[in-house]
Amino acid sequence: MPVPDVFELARNGERRALGRLLTLVERGGVNGDKVAEISHPIAGSSHVVGLTGAPGAGKSTITGRLAAAAGLASESGVGVVAIDPSSPITGGAILGDRIRMDEVIDREGTFVRSMATRGSSGGLALAVPGAIRVLDAVGYDPVIIETVGVGQVEVDIAGTADTTIVVVTPGWGDAVQANKAGLLEVADIFVVNKAERPGASDARRDLELMLDLGAHPDPNKPTWRAPILMTTATDGSGIDELWDQVVAHRSWLTETGELLGRRQNRDRFEMLGRVDELLGGLGRKRAESEQGLALLADVQSRKLSPTAAAAELLADLLES
Ligand SMILES: Nc1nc2c(ncn2[C@@H]2O[C@H](COP(=O)(O)OP(=O)(O)O)[C@@H](O)[C@H]2O)c(=O)[nH]1
Ligand SMILES: [Mg+2]
């Protein structure tokens, strides 16, 4: 079936059609491009919420709860993208996450998609914005992205989401770890999950101290002080408050014009990412040509440096 027809079905609520579109996005190539071409003009109105934090912090459980809270508040369905860096060997983790989410998610209103690093051409960095765009275009709002912390996967969550939630847990210096990983600067909202455990208020205080130390508000720019929320995702306590803060952050983004700025940045990064991908692809193809192999032989016999060879290859490519 042609891509526009699949897209129409997905817009009419056909979940299998939506699943197909996401698969095309993951695979990349001509059909993936077609999906982007159709979805981009009509996407852009959904709120993209990112959740990040260490494995086991409770991101999936929170995501499920948050999706349920969002589902009550919104007439459009809630889209969830769970990014799992697992290799196929530990692929069970993906299923584990999905089952846990399904326990709390209303199956009708919510669409959950797991994406792994394997199987996507151009990598997740390109596939994830594409998946968000599709969910947005077919009417899911909000779209929630769950991913492990910065530096562990190639997806830059703060560069992808409108609102970034950083999840920490009590007891093992999570706040300090988050700080080291650069998560303090990118967090719009902090969650101390497993708040029923001892040390939860210490974790909160650590975060507050670090936020105070790192705070250098620019008087000429609107500032948002990231709130710190306490949740126990397993029984749902604190989730309504978390959802309220997500909504408040969205309003702040809109009122200050920050939303537009973040999205313009996102478009810019995505376009540049595509430039890298396209040029890289063309260059690698060219490297297989007769001329490319001759250049490689020169590099291997140390007549030519790798950089000089690459420049020569690209110069010819750009001319043709
Ligand atoms: N005690 C407690 N356990 C929790 C809480 N939230 C999640 N968990 C458990 O922590 C484990 C990891 O949760 P999961 O949502 O998969 O974490 P993720 O790896 O960050 O996605 C699971 O066994 C959850 O049931 C909580 O608030 N309190
Ligand atoms: Mg998870």
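So, here is what we can say about the structure in this document. In this text, all values refer to a predicted model and were calculated from it rather than measured experimentally.

Ranked by internal contacts, the top residues of the largest apolar core, which has 30 residues, are Leu 18, Leu 21, Val 35, Met 115, Val 134, Leu 135 and Ile 145. Of all the secondary structure elements, the ones that give two or more residues to this core are helix 1 (3–11), helix 2 (15–27), strand 2 (78–84), strand 3 (110–116), helix 6 (124–137) and strand 4 (143–148). No other element matches the 8 residues that helix 6 contributes to this core. Discounting chain neighbours no more than four positions away, the residues touching Val 134 are Leu 18, Leu 21, Leu 22, Val 25, Val 35 and Ser 39. Among the nonpolar cores identified, the runner-up in size contains 22 residues, and Leu 66, Val 167, Ile 189 and Ile 239 belong to it.

Along any regular strand, the residues point their side chains to alternate faces of the sheet. Of the two faces of strand 6 (residues 189–192), the one lined by Ile 189 and Val 191 and the one lined by Phe 190 and Val 192 are each fully buried. In this structure, strand 5 (residues 163–168) lies alongside strand 6, joined through 4 bridges in parallel fashion. In the strand pairing of strand 6, Val 166 is matched with Phe 190. Bridge count between strand 6 and strand 7 (residues 228–230): 3 bridges; the pairing is parallel. Bridge pairing in strand 7 links Phe 190 to Ile 228. As for the winding sense of the linkage, the β-α-β connection from strand 6 through helix 10 (residues 200–214) to strand 7 is right-handed.

A few words now on the packing of helix 2 against helix 3 (residues 29–39). Taken N-terminus to C-terminus, the directions of helix 2 and helix 3 make an angle of 120°; their axes are 7 Å apart at the nearest point. With respect to helix 3, the axis of helix 2 lies oblique. Between helix 2 and helix 3 lies a crossing of left-handed hand. Of helix 3, the residues touching helix 2 (which contributes Leu 21, Leu 24, Val 25 and Arg 27) are Gly 29, Asn 31, Gly 32 and Val 35. Looking at the contact of helix 2 with helix 3 residue by residue, the class counts come to 4 nonpolar, 3 polar and 1 charged.

With that settled, the discussion passes to helix 11 (residues 239–256). When the terminal C-alpha atoms of helix 11 are compared, their 26 Å separation across 18 residues agrees well with the 26 Å that a helix rising 1.5 Å per residue should span. Turning to helix 11, its buried residues are Ile 239, Leu 242, Trp 243, Val 246, His 249, Trp 252 and Leu 253. The elements touched by buried residues of helix 11 are strand 1 (48–53), helix 4 (59–73), strand 5, strand 6, strand 7 and helix 12 (258–287). In the stretch just after helix 11, Gly 257 is the one whose phi turns positive, near 85°.

With that out of the way, let us pick up the packing of aromatic side chains. Applying the stated rule across the entire model yields 2 aromatic pairs. With 6.1 Å between their ring centres and 55° between their planes, Phe 111 and Tyr 140 make a pair best called tilted. Residue Phe 111 is located in strand 3, and its partner Tyr 140 is located in the loop between helix 6 and strand 4; the two are separated by 29 residues in the primary sequence. By the burial criterion, Phe 111 is buried, and Tyr 140 matches it. Look at Trp 224 and Trp 252: their rings are 5.8 Å apart centre to centre, the planes differ by 50°, and that puts the pair in the tilted class. Note that Trp 224 is positioned in the loop between helix 10 and strand 7 and Trp 252 in helix 11, a separation of 28 residues in sequence. Here the guanidinium or amino end of Arg 268 rests over the ring plane of Phe 269, the centre of that ring lying 5.7 Å away.

What counts, and at which threshold
- Residues numbered from 1 in each chain as written.
- Chains lettered and ligands numbered in written order.
- Predicted model: local features only at pLDDT ≥ 70, side-chain atom pairs only at ≥ 80, totals over all residues.
- Heavy atoms only, no water.
- Core = buried A, V, L, I, M, F, W, Y, C linked by side-chain atoms within 4.5 Å.
- Buried < 20%, exposed > 50% of the residue type's maximum accessible area, 1.4 Å probe, protein only.
- Helix = DSSP H or I, 4+ residues; strand = E, 2+ residues; numbered from the N terminus.
- Contact = heavy atoms within 4.5 Å.
- Pairing = 2+ DSSP bridges.
- Right-handed = clockwise from strand over helix to strand, strands pointing away.
- Axes fitted to C-alpha atoms, helices over the stretch in contact; angles between N-to-C directions.
- Parallel < 35°, antiparallel > 145°, perpendicular 65-115°, else oblique.
- Left-handed = near helix turned anticlockwise from the far one by under 90°.
- Nonpolar A, V, L, I, M, F, W, Y, C, P; charged D, E, K, R; others polar.
- Expected span 1.5 Å × (residues − 1).
- Phe/Tyr/Trp six-rings, centres within 6.5 Å; stacked < 30°, edge-to-face > 60°.
- Lys NZ or Arg CZ within 6 Å of the ring centre and 35° of its normal.

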